[in-house]
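Notes for the structure review
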Amino acid sequence: IKQESVRSYRGKSLHSAAQNIDAMRLRSLPLTKLPSVSRTRAAISRRAASSSTFTRRSAAKFASDFDHHAPGIARLNHGSFGATPAPVLAATEACRARWLAQPDEDYFSGALDADLQEATAAAADAIGAPAEETSLVENATVAAAIVFRRWCQLDGTVLLPANAYGGVKASALAAFGPQRVKEWPFPFPGTTHAHILDWLDQALKQHDPRYVIIDHVSSQPAVVCPVAEMVALCRRRGVAEVAVDGAHALGQVPINVDAIGADYFFSNLHKWAFAAPTATILHSLRGLRHVVPSWGAGDFAAECRWTGTRDYAAMRAVPAALAYLRDWRSLDGLATPEFNRVGLRRAVDELSAAWSVDAPYHEECLGSMGMVRLPAGLDLSRDVPGQPVGPDSVRSRLRDGLCGNQ
């Protein structure tokens, strides 16, 4: 099923897959005196990772739920496109068929709206949020654009990490212009939660932003960040509003928006939570407006439930996806987040040993995605971090090899 997503970088040149990573001039941080955060989770992962009983298979009840995947392909890129199991696909198709059979009835009877309210409530429960403070939107990029629409109407600097997702960064620059947007360099490699907090604090003191967006689980490099502590730090430094981009969080790490304490939190359900493309939960403590208001204009929740005629099937099937996330077990009885974390830990250890490389960050930063140093001597001159490249690149050769083409 959802296997770990092991991403690679060349430690020597500090490639982290952010397009402007070379401009960050990041220094390599020492891996000494690492903090003792997440010791229990780390110990569980170590024990399971070293156990000979770990099996990369679903329990018998779920064994055929991913048979629709293309054969001979190692599906590692769940951080982009997810992996929807057959029962959730069936629920999604049932919602779609219901609409196609009689859209007038589905719409004017209120059935569509009722299903979307139910789906929103289920997603809200998954992140510990009240349903009345949450909405479902198309994806994390849309969620970010909604938050940015509010910030566009307010004055002040907007701060985001230099390794922010490219689509979110582009959206911020389009919304605010380069003069309002400031970036803080993300400490990688040698990453620890303490280092992340230190570098963020330096940026807060330097730029004095009014608005900050941070990652819960960054994409490239793949790092689980200490978001609650980061939000608290922003509050102490006088930041007016904080948004957490949790695109990769739901299904990877536990989420409680009260504990996180941000003004806005959003997370995709179609990446690690088994939903069909696409559905994203957005929690807000402030007044927002959708970027595509329609008949529900003026009521944000209603705006999100109807942005015009489109396919709402994936959103309507969110309760089925979350039920699958809750129920799925591996052959060894592991739930999805732990199964992915253990599989990732094993893969990282195996690759690191085979290539004789050191860990790029502390174990507290591992979720269902991870980074591994590539062995020294590889020619990466044909590679562009995070982007499709030609057939002679290391990236393409790895991808082709995993797809069974070589």
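This is a predicted model, so every value here is computed, not measured.

**Some points on the overall build of the protein**
Secondary structure summary: the protein contains 15 helices and eleven strands in total. Taking all 406 residues of the protein together, 52% fall into the buried category. Element-wise, carbon and sulfur atoms account for 52% of the exposed surface of the protein, whose accessible area totals about 17,800 Å².

**Quick look at the pattern of salt bridges**
Applying the stated rule across the entire model yields 20 salt bridges. The salt bridge involving Asp 327 is made with Arg 326; its shortest N-O contact spans 3.1 Å. Residue Glu 338 is joined to Arg 341 by a salt bridge in which the shortest nitrogen-to-oxygen separation is 2.3 Å. Taken together, the residues span about one helical turn, with Glu 338 and Arg 341 both in helix H14 (residues 336-355) at a distance of three residues. Across the pair, Arg 341 and Glu 338 agree in class, each one buried. Here the residues in one salt-bridge network are Arg 150, Arg 235, Glu 241, Asp 263 and Arg 286, joined through shared partners.

**Observations concerning the sheet that holds strand S10 (residues 280-284)**
Sheets are built from strands that pair by backbone hydrogen bonding, the pairs being arranged parallel or antiparallel. If you walk across this open sheet you meet the seven strands as S2-S10-S9-S8-S5-S3-S4, and the pairing is mixed. The sheet is open, and its two borders are formed by strand S2 (134-137) and strand S4 (181-184), each paired with just one other strand. Strand after strand, the sheet turns through a mean of 20 degrees between neighbouring axes, direction not considered. As paired strands, strand S3 (residues 158-161) and strand S5 (residues 211-215) are joined by two bridges and run parallel to one another. Following the sheet pairing, Val 158 is matched in S5 by Tyr 211. Of the strands in this sheet, S2 and S10 touch helix H5 (residues 111-126), which is tilted by about 110 degrees from S2. Packing of helix H6 (residues 140-152) onto the sheet brings it into contact with S2, S3, S5, strand S8 (241-245), strand S9 (264-268) and S10, and relative to S9 it is tilted by some 160 degrees.

**A few points about the state of the cysteines**
Taken as a whole and judged by the stated rule, the model has zero disulfides. There is no disulfide at Cys 225, and the cysteine sulfur nearest it, in Cys 365, is 7.3 Å away. Its relative accessible area of 5% is what places Cys 225 among the buried residues.

**A closer look at helix H9 (residues 227-236)**
Among the residues of H9, Val 227, Met 230, Val 231, Leu 233 and Cys 234 are the ones counted as buried. Within H9, the buried residues cover an arc of 160 degrees as seen down the axis, which keeps them to one side. Taken together, the buried residues of H9 touch S4, helix H8 (193-207), S5, S8 and helix H10 (257-260).

**Regarding the nonpolar core**
In this structure, Trp 184 and Leu 269 are the most contacted members of the largest nonpolar core, which totals 74 residues. Not counting residues up to four positions away in its chain, the partners in contact with Trp 184 are Leu 159, Leu 160, Pro 161, Ala 162, Ile 196, Trp 199, Leu 200, Ala 203 and Met 230. By size, the runner-up hydrophobic cluster in this structure holds 26 residues, among which are Ala 164, Val 168, Tyr 211 and Phe 266.

**A few points about helix H3 (residues 86-101)**
Here H3 contains 16 residues, and its C-alpha end-to-end distance of 22 Å stays within 8% of the 22 Å for a straight helix at 1.5 Å per residue. Those residues of H3 that fall on the buried side of the exposure criterion are Val 88, Thr 92, Cys 95 and Trp 99. The buried side chains of H3 occupy one side of the element, clustering within an arc of 60 degrees when seen end-on. Turned more than 90 degrees away from the buried face of H3 sit Leu 100 and Ala 101, all of them exposed.

**Focus: the packing of aromatic side chains**
Counted according to the given criterion, the structure contains 17 aromatic pairs. Each ring, one from Phe 62 and one from Tyr 324, has its centre 5.6 Å from the other, and the planes form 80 degrees; the classification is edge-to-face. Note that Phe 62 is positioned in the loop between helix H1 (39-50) and helix H2 (78-81) and Tyr 324 in helix H13 (residues 318-327), a separation of 262 residues in sequence. Pair check on accessibility: Phe 62 and Tyr 324 agree, each one buried.

**Some words on the environment of Leu 334**
By secondary structure assignment, the location of Leu 334 is in the loop between H13 and H14. Residues Leu 334 and Phe 54 lie 280 residues apart in sequence; the distance between their C-alpha atoms is 9.2 Å. Ignoring any residue separated from it by four or fewer positions in sequence, one finds Leu 334 in contact with Phe 54, Trp 328, Arg 329, Phe 339 and Val 342.

**A closer look at unusual backbone geometry**
The omega torsion across Phe 188 and Pro 189 is 0 degrees, close enough to zero to call that bond cis. Relative to the assigned elements, Pro 189 resides in the loop between S4 and H8. Here Phe 274, not a glycine, exhibits a phi torsion of approximately 75 degrees, which is positive. Locating Phe 274 in the fold gives a position in the loop between S9 and S10. Of note, Ser 356 is a non-glycine position whose phi angle comes to about 55 degrees, a positive value.

What counts, and where the lines are drawn
- Residues numbered from 1 in each chain as written.
- Predicted model: local features only at pLDDT ≥ 70, side-chain atom pairs only at ≥ 80, totals over all residues.
- Heavy atoms only, no water.
- Helix = DSSP H or I, 4+ residues; strand = E, 2+ residues; numbered from the N terminus.
- Buried < 20%, exposed > 50% of the residue type's maximum accessible area, 1.4 Å probe, protein only.
- Areas by Shrake-Rupley, 256 points an atom, 1.4 Å probe, with all protein chains shown as cover.
- Salt bridge = Lys/Arg side-chain N within 4 Å of Asp/Glu carboxyl O.
- Pairing = 2+ DSSP bridges.
- Axes fitted to C-alpha atoms, helices over the stretch in contact; angles between N-to-C directions.
- Contact = heavy atoms within 4.5 Å.
- Disulfide = S-S within 2.5 Å.
- Arc of directions from axis to C-beta.
- Core = buried A, V, L, I, M, F, W, Y, C linked by side-chain atoms within 4.5 Å.
- Expected span 1.5 Å × (residues − 1).
- Phe/Tyr/Trp six-rings, centres within 6.5 Å; stacked < 30°, edge-to-face > 60°.

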